[in-house]
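Given next are the chains, with one letter for each unit.
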Amino acid sequence: MNYLRTAMLLAGLTALFMGVGYLIGGASGAMIALVIAAAMNVFTYWNSDRMVLSMYGAHEVDRSSAPELVGLVAELASRAGLPMPRVFLMDEVQPNAFATGRNPENAAVAVTTGLMRQLSREELAGVIAHELAHIKNHDTLLMTITATIAGAISMLAQFGMFFGGNRENNNGLGIVGSILMMILAPLGAMLVQMAISRTREYAADNLGARIAGQPMWLASALVKIEGAAHQVPNYEAERNPATAHMFIINPLSGHGVDNLFATHPSTQNRIAALQQLAAELGARAAPSVGANENYPPRGPWGRSSSGGPSRGPWG
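Quantities reported herein were computed from a predicted structural model and do not represent experimental measurements. (Residues numbered from 1 in each chain as written. Predicted model: local features only at pLDDT ≥ 70, side-chain atom pairs only at ≥ 80, totals over all residues. Heavy atoms only, no water.)

1. Digging into the packing of aromatic side chains
How two aromatic rings sit relative to each other is set out by the distance from centre to centre and by the angle between their planes. Just so we agree on the cut-off: Pairing of aromatic side chains requires ring centres within 6.5 Å, counting the rings of Phe and Tyr and the six-membered ring of Trp. Pairs whose planes differ by under 30 degrees are stacked, by over 60 edge-to-face, and all others tilted. By the criteria applied, helices consist of DSSP H or I runs no shorter than four residues and strands consist of E runs no shorter than two, each listed in order from the N terminus. Burial classes follow relative accessibility: with a 1.4 Å probe on protein chains only, a residue under 20% of its type's maximum area counts as buried, one over 50% as exposed, and anything between as partly exposed.
On inspection of all chains with the given rule, the structure shows 3 aromatic pairs. A ring pair is formed by Tyr56 and Phe247, whose centres lie 5.2 Å apart and whose planes are at 75 degrees; its orientation type is edge-to-face. Residue Tyr56 is located in the loop between α1 (2-55) and β1 (59-61), and its partner Phe247 is located in the loop between α8 (235-239) and α9 (267-281); the two are separated by 191 residues in the primary sequence. Taken as a pair, Tyr56 and Phe247 share a single burial class, namely buried. Here Phe98 and Phe247 contribute two aromatic rings whose centre-to-centre distance is 5.1 Å and whose plane-to-plane angle is 75 degrees, an arrangement assigned as edge-to-face. In this pair, Phe98 is assigned in strand β3 (residues 97-101) and Phe247 in the loop between α8 and α9, connecting sequence segments 149 residues apart. Phe247 shares its class with Phe98; the two are buried.

2. Quick word on the sheet that holds β1
As a reminder of what qualifies: Strand pairing requires that DSSP identify at least two bridges connecting the strands. In this description, a line fitted to the C-alpha atoms serves as the axis of each element, helices being fitted only across the stretch in contact, and the angle between N-to-C directions of two axes falls anywhere from 0 to 180 degrees. Any two residues whose heavy atoms approach within 4.5 Å are treated as being in contact.
Reading across from one edge, β1-β2-β4-β3 is the order of the 4 strands in this open sheet, with mixed pairing throughout. Two strands lie at the open edges of the sheet, namely β1 and β3, each paired on one side alone. When the angles between neighbouring strand axes are averaged without regard to direction, this sheet yields 35 degrees. Across the sheet, helix α2 (residues 67-80) is in contact with β1, β2 (86-90) and β4 (107-112); its angle to β2 comes to roughly 135 degrees.

3. Digging into the pattern of salt bridges
We count it as follows: Whenever a carboxyl oxygen of Asp or Glu lies within 4 Å of a side-chain nitrogen of Lys or Arg, that contact is scored as a salt bridge.
Per the counting criterion, the structure on display carries 7 salt bridges. With a closest N to O distance of 3.4 Å, Glu68 and Arg121 form a salt bridge. Of this pair, Glu68 sits in helix α2 while Arg121 sits in helix α4 (residues 121-136), and the two are 53 residues apart along the sequence. Owing to a relative accessible area of 8%, Arg121 belongs among the buried residues under this scheme. Between Lys224 and Glu123 there is a salt bridge whose closest N-O contact spans 3.0 Å. Highlighted residues: Lys224 in helix α7 (residues 215-231) and Glu123 in helix α4, separated in sequence by 101 residues. Salt bridges here are not isolated pairs; linked through shared partners, they connect Glu201, Asp205 and Arg270.

4. Quick notes on α2
We count it as follows: To estimate the expected span of a helix, subtract one from its residue number and multiply by 1.5 Å.
For α2, built from 14 residues, the straight-helix expectation of 20 Å at 1.5 Å per residue is met to within 8% by its first-to-last C-alpha distance of 20 Å. Gly81 lies just past α2 and shows a positive phi near 70 degrees.

5. Focus on the packing of α7 against α9
The condition that has to hold: Here the word oblique covers every angle except those under 35 degrees (roughly parallel), over 145 (roughly antiparallel) and from 65 to 115 (roughly perpendicular). Crossing handedness is read from the near helix: turned anticlockwise from the far helix by less than a right angle, it gives a left-handed crossing, and turned clockwise, a right-handed one. In this classification, Asp, Glu, Lys and Arg are treated as charged, Ala, Val, Leu, Ile, Met, Phe, Trp, Tyr, Cys and Pro as nonpolar, and every other residue, Gly included, as polar.
Taken N-terminus to C-terminus, the directions of α7 and α9 make an angle of 165 degrees; their axes are 8 Å apart at the nearest point. Taken together, the axis directions place α7 and α9 in an arrangement best described as roughly antiparallel. Handedness of the α7/α9 crossing: left-handed. In contact with Pro215, Met216, Leu218, Ala219, Leu222, Val223 and Glu226 of α7, α9 contributes Thr267, Arg270, Ile271, Leu274, Gln275, Leu277, Ala278 and Leu281. Here the residues of the contact of α7 with α9 sort into 11 nonpolar, 2 polar and 2 charged.

6. Things to note about the environment of Val109
Assignment of secondary structure puts Val109 in strand β4. Residue classification places Val109 among the buried residues on the basis of a relative accessible area of 1%. Sequence-wise, Val109 and Leu89 are 20 residues apart; in three dimensions their C-alpha atoms are separated by 8.6 Å. Setting aside chain neighbours within four positions, we find Val109 in contact with Pro85, Arg86, Val87, Phe88, Phe98, Ala99, Glu131, Leu132 and Ile135.

Laid out in structure tokens, this is it:
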């Protein structure tokens, strides 16, 4: 189903891309747009992970440079039945994380330094498990290609605005068509991108909570990350808003409700779903999501959030 969903999304966005090309240059413009879209899909398939990691200045770490982080990722990946992904750090104050890569065998998990400083070990385990769920569900390829094609449609529509569409073809739209193209094509691409992103976040929350074994660890982390997103700007994300949907929490701004223009579901709705899952799983009592001020202000390395000795995230 994930492969079918990816194919349907790419087909829809490619059709929209061709439609914009037709308005700009008629039948020949549509064919040129199709060729460009195909080339972009191939390029993005092989290079999307490197592009987004480079965009955010992420640097790879290993057991010698970040033993606790890499060890936690390895433990969670083993529980998820996944190959060990590459692990990256972003020098960013805002706590956040994303996963990327064309498949589980070529995947990467990237976290910010702010995330490591502000979350407990248990909360960090919940976040990493969520990102591994995206990898297991093949969402990483879907989200990066979606961002690339949606951005390309917006650029093509702007290009068409300057040239006023193809006045020599017989589509009868002219300036009106150009204006509609300029407004509706990027809007349509954005709506598809955001709807897919919201759906995949709920699925990753559910699977990630099962991987970690404690749904409330992720719920507590989501509250902390969203609170920081309102207060701490992520300047690189502001310059590249098309990648906002890749993060576990929107790095640009928070949203109180699920709506057509939200890149992420409401955090309150996500927490409610995790609370329901915790009840279904009969999870052990976890720190209250609303009591984050009781967590120590240091990172997850050294002691657990409960104040006891640091152990593995499940025992």
